[in-house]
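Descriptive analysis of the structure
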Amino acid sequence: MAQRTDQVSVTLAAIARLAGVGRAAVSNWRRRYPDFPLPVGGTDASPQFALDAVEAWLKRYDKIAATAGPLERLWPRVEDLGDRDRMGRVVAGLGARLSDSAADQRDRGEPLDPAEQALVDDAVRMAGTEGEAETFRFLLDRWLGTHVRQIATTPPPLATVMTRIAAGVRGDLPVRTVADPACGTGTLLLTAARRWSGADTGGRALRLLGNDVDPVLAMVADARLALETDRAGIEVTAHDTLRNATGQLSDPVDVVLSNPPANARDWGHEELATDQRWAYGQPPRTESELAWVQHIVSMLGEGGDGAPGENGVPGSGVAVVLLPPGVAARRAGRRIRAGLLRAGVIRAVVALPAGAAPPYGVGLHLWVLTPPAPRPQNAVLLVDTSDCRHTPPTSVSASRLPAVDWDGVQDRVLLALEGVEVPGGVSVPVTDLLGEETDLTPARHVAAAQPVRPVDLRRLWARYDKGLLTARDAGGVLRDLSMVRDSTGHGTVSIAELEQAKALAISSGTAVPEEKVRRGEVPEDGVELLTGLAASSPTERQWLDRADAEQADRDGLSPLTSFGDVVVVATVHGFAAWVETVAPRVLGHRLHRLRVDPARLDPWFLAACLRERSNARRAGGHSSSTSRVDVRRLHVLRLPLDEQQTYGEVHRKLVDLESALAELAAVGGELSEGLTSLLAAGRLEQR
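Right, let's walk through the structure included here. (Residues numbered from 1 in each chain as written. Predicted model: local features only at pLDDT ≥ 70, side-chain atom pairs only at ≥ 80, totals over all residues. Heavy atoms only, no water.)

1. Re the overall build of the protein chain
Spelled out, the test is: To qualify as a helix, a DSSP run of H or I must reach at least 4 residues; to qualify as a strand, a run of E must reach at least 2; elements of each kind are numbered from the N terminus. Only protein chains enter the accessibility calculation, which uses a 1.4 Å probe. A residue is then buried if its area is under 20% of the maximum for its type, exposed if over 50%, and partly exposed in between. Residues count as neighbours in contact if any of their non-hydrogen atoms are within 4.5 Å of one another. Only the protein chains shown count as cover for residues, and the accessible areas themselves come from Shrake-Rupley with a 1.4 Å probe.
A tally of helices and strands in the protein chain yields 21 helices and 22 strands. Out of the 687 residues belonging to the protein chain, those deemed buried represent 48%. Contacts spanning at least 24 positions in sequence make up 75% of the contacts within the protein chain whose residues lie at least 6 apart. Split by element, the accessible area of the protein chain, about 33,200 Å² in all, is 51% carbon and sulfur.

Structure follows, in structure tokens:
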């Protein structure tokens, strides 16, 4: 029988998403059920199956997930196109149609073929019920996730930090034009639009200038910006920026935000040998990043007279550029770095924590650039934020990097730019940087931390003693417990069954609009916001105005917690459950509030059962760190209330022990570091 040429094929991972299970479960179904659809393509290691046959089988066995809506069914058809660019054109075509700019989009890139156009038409129809922004973001996220190794994107938190640094340097001066000469999918331009749209732009729309050498990425960026911003000010083009610097720019731009390609070899070294942009030296073939730096500086135009204006800004424009750390130190680029320093172009260099952006294992740098000026500044600000990390939650795998403390990064840099002395920050005279190496790596110039003072040492030992006493108290109670050999008499009950019996009520959080989120210390009229994997990190400082929080709770979007609620973080690798004792707090995306009937359920007993790791494995997928756990599939031991309360008290002591041990670990690290610094300075003696 001839194989249909129009059928859509799906992988095991796609089937798992449709069913709301892990890939291992799908593999198990293939072994257990003789009527499971046979592969129609792929390989033995990565077979592909006909979507129609798979959906029919899942429905027959009632295994299709309740959450597998129209978009989950649409994506396999998009993915079946196979080609990255064809899939990207569908995403861009959808954004263009939804933003009423389809004609512009088709004129700019390769026309959609019939299969691509049919998918766009179906996606537009779904957007009518699923939401325009939600439909576009769903397809965009899936496309980027599928091609994560081919498309490097700037993480939104980093884009926010870069935008706020530019705003801090720009001060009160109006921002009329923002450019990104290597815009990718447009994250930096979109973040800038959210920051400056509606601000003082001199009576005209904010102009957003983007360019990327990849025409599909440029199409996606154009559609994304058109859908989420004011279409009138958007100009996105597709060409090789370094080889073709003319086009959009007739006047200097106010702000440049960019994450340009790194480690490129074929960037035009020979044909651009006499280019006028190389005012600080022709970049060697191995220094493509310094070619980008000089190109970006040329976009800013000339500076002012060098005299600081409002907020100490010496020139008119400002650029914030993400670069590999080697650009600050490689010997091949020493002469260009020296030229940039002498001209006063480099305002600051910021070392970011590893994990801030791809490649995640490297601590990247931000260069803050201003136009050259007749009277340049005589010092450069160097800031090391590599220590700005959150303490990882105990539920997160130890193999993962601790989360970046974006608020800490932002606060440290902005304060340093204002002239405030901050940890890891130093202003270095240009003459001290010019030399054999001209190394701009912040860690090479930041002074070592001062040894702890006697009062600091006493406080650390006091914290140590308190943690030790708490751990001994809790451990003494738990040590007296003995293990029962057989517990087969106890059955379990699912959260879904408890919900049906009205023993508890479930409320789930949703993503909170970025414009409503505040950062920093939570004021009295604010309510702390918990989001995703950072939910159990005590250093996360996001909050909402109380009025916004209460309204979101009433609308059923972001529930507010009360004392005694059980909170569940519903991702497999970030799975956690605890009893709320710091209420009220707002629950964001992938967090759930379980409010129990105290006459039937003890919350501490419930949390103890839910946090057991195998519970999450049974109730969720395993394909990625963001795989979701179906809270209603979690199970709880079936016990009378008095026995629940007994076990609940044990759980309280276990939580006390965990907290005490975490405090001991933290204070132990501080003690070790402080005593080591005193030892190295020869400032310790035996009493």
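Back to the text.
2. Some remarks on the packing of helix α16 (residues 454-479) against helix α21 (residues 641-680)
What counts here: Geometry is summarised by axes, namely lines fitted to C-alpha atoms with helices restricted to the contacting stretch, and by angles between N-to-C directions that run from 0 to 180 degrees. In these notes the angle categories are as follows: under 35 degrees is roughly parallel, over 145 is roughly antiparallel, 65 to 115 is roughly perpendicular, and the rest is oblique. Handedness of a helix crossing follows the sense of rotation of the near helix relative to the far helix, less than a right angle counterclockwise being left-handed and clockwise being right-handed. Classes in brief: Ala, Val, Leu, Ile, Met, Phe, Trp, Tyr, Cys and Pro nonpolar; Asp, Glu, Lys and Arg charged; the others, Gly included, polar.
Contact pair α16 / α21: the axes reach a minimum separation of 8 Å and the direction vectors enclose 150°. Between α16 and α21, the crossing angle belongs to the class labelled roughly antiparallel. Helix-helix and strand crossings are classified by hand; for α16 and α21 the assignment is left-handed. Residues belonging to the contact of α16 with α21 are distributed by class as follows: 20 nonpolar, 3 polar and 6 charged.

3. What about the nonpolar core?
In a soluble, globular protein the nonpolar side chains are often hidden away together inside. Rules: Here, the term nonpolar core denotes a set of buried Ala, Val, Leu, Ile, Met, Phe, Trp, Tyr and Cys residues that are joined through side-chain atoms within 4.5 Å.
Core analysis: the largest hydrophobic core is formed by 48 residues, its most contacted members being Val178, Trp196, Leu257 and Leu366. The biggest single contributor to this core is helix α9 (residues 156-170), with 8 residues. Val321, Val345, Val380 and Leu382 belong to the second-largest nonpolar core, a separate cluster that totals 31 residues.

4. Focus: the sheet that holds strand β2 (residues 41-42)
Applied cut-off: Two strands qualify as a pair provided DSSP detects at least 2 bridges between them.
On the basis of which strands lie adjacent, the open sheet formed by 3 strands has the order β1-β3-β2 and antiparallel pairing. Among the strands making up the open sheet, the edge pair consists of β1 (9-10) and β2. Here 2 bridges tie β1 to strand β3 (residues 47-50), and the two strands are oriented antiparallel to one another. Paired with Val10 across the two strands is Phe49, which belongs to β3.

5. Thoughts on the packing of aromatic side chains
To keep it simple, the criterion reads: To pair, rings of Phe, Tyr and Trp, with the six-membered ring standing in for Trp, must have centres within 6.5 Å; the planes then decide the type, stacked if under 30 degrees apart, edge-to-face if over 60, and tilted in the middle.
Tallied over the full model, the rule gives 9 aromatic pairs. For the pair Tyr33 and Tyr61, a centre-to-centre distance of 4.8 Å together with 65° between the ring planes defines the contact as edge-to-face. Within this pair, whereas Tyr33 is found in the loop between α2 (23-32) and β2, its partner Tyr61 is found in the loop between α3 (51-60) and α4 (70-79), the two being separated by 28 residues in sequence. With a centroid separation of 6.4 Å and 40° between ring planes, the pair formed by Phe605 and Tyr647 is classed as tilted. You can see Phe605 sitting in helix α19 (residues 603-610) and its partner Tyr647 sitting in helix α21, a full 42 residues away along the chain. Among the residues examined, Tyr647 registers a relative accessible area of 44% and is labelled partly exposed. By way of ring pairs, the aromatic residues Trp29, Tyr33, Phe36, Phe49, Trp57 and Tyr61 are connected into one cluster.

6. Brief notes about the packing of helix α7 (residues 114-130) against helix α8 (residues 132-146)
Running from amino to carboxyl end, α7 crosses α8 at an angle of 125°, the nearest separation of the two axes being 7 Å. Considering their axes alone, α7 and α8 lie oblique with respect to each other. Across from Ala123, Met126, Ala127 and Glu130 in α7, the residues of α8 making contact are Glu132, Glu134, Thr135 and Leu139. When the residues that make up the contact of α7 with α8 are grouped by side-chain class, the tally is 4 nonpolar, 1 polar and 3 charged.

7. Quick look at the sheet that holds strand β18 (residues 566-569)
In space, the 4 strands of this open sheet follow the order β14-β21-β18-β19, with antiparallel pairing throughout. Edge positions in the sheet fall to β14 (504-508) and β19 (576-579), since each has one partner strand and no second. Averaged over all pairs of adjacent strands, the angle between strand axes in this sheet comes to 20°, irrespective of strand direction. Note: β18 against β19, 4 bridges, orientation antiparallel. In the strand pairing of β19, Val568 is matched with Ala577. Across the sheet, α19 touches β14, β18, β19 and β21 (591-596), and the angle it forms with β19 is around 170°.

8. Things to note about the pairing of strand β5 (residues 207-211)
The element β5 is extensively covered by neighbouring structure, given that 4 of its 5 residues are classed as buried. Two strands pair when backbone bridges link them, and strand β4 (residues 177-180) and β5 are joined in this way by 4 bridges, in the parallel orientation. Among the inter-strand pairings, Ala179 is bridged to a residue of β5, identified as Leu209.

9. Some words on helix α1 (residues 12-19)
Taken across its 8 residues, α1 has 6 buried, putting it largely inside the fold. For α1, the full list of buried residues reads Leu12, Ala14, Ile15, Ala16, Leu18 and Ala19. As for α1, its buried residues are in contact with β1, α2, β3, α3 and α4.

10. Here we look at the pairing of β3
Strand direction decides the pairing type here: β2 and β3, joined by 2 bridges, are antiparallel. Within β3, the position partnered with Gly41 by the bridge is Gln48. Adjacent in sequence and paired antiparallel, β2 and β3 are bridged by 4 residues.

11. Focus on the environment of Ala351
Residue position: Ala351 is located in strand β9 (residues 346-351). A residue is classified by how much of its surface remains accessible, and Ala351, at 10% relative accessible area, is buried. Residues Ala351 and Leu366 lie 15 residues apart in sequence; the distance between their C-alpha atoms is 6.6 Å. Among all residues touching Ala351, those that are not within four sequence positions of it are Leu364, His365, Val383, Asp384, Thr385, Ser386 and Pro442.

12. Some details on the environment of Leu98
One can find Leu98 in helix α5 (residues 84-98). For Leu98, a relative accessible area of 12% puts it in the buried group. For Leu98 and Phe136, which are 38 residues apart along the polypeptide, the C-alpha to C-alpha distance reads 8.7 Å. Each residue touching Leu98, except ones within four places of it in the same chain, is listed here: Ala127, Glu132 and Leu227.

13. Let's talk about the pattern of salt bridges
To keep it simple, the criterion reads: Any Lys or Arg side-chain nitrogen located within 4 Å of an Asp or Glu carboxyl oxygen qualifies as a salt bridge.
Inspection of every chain in the model, using the stated rule, returns 36 salt bridges. Here Arg331 and Glu436 are joined by a salt bridge, their closest N and O atoms 2.8 Å apart. On the criterion of sequence distance, the pair formed by Arg331 in the loop between β8 (318-323) and α13 (334-342) and Glu436 in the loop between α15 (430-433) and α16 is long-range, its members being 105 residues apart. Residue Glu436 is classed as exposed on the basis of its relative accessible area, which comes to 55%. Of the charged contacts in the structure, one is a salt bridge between Arg585 and Glu580, with a shortest N-O distance of 2.8 Å.

14. So, the side chain of Thr154
Which entries qualify depends on this criterion: Residues adjacent in sequence count toward polar contacts only when both atoms are side-chain atoms; beyond that, a polar contact is any pair of N or O atoms within 3.5 Å, and within protein one must be able to donate a hydrogen and the other to accept it.
For Thr154, the position within the fold is in the loop between α8 and α9. For Thr154, the side chain forms a polar contact with the side chain of Asn259, separated by 3.1 Å.

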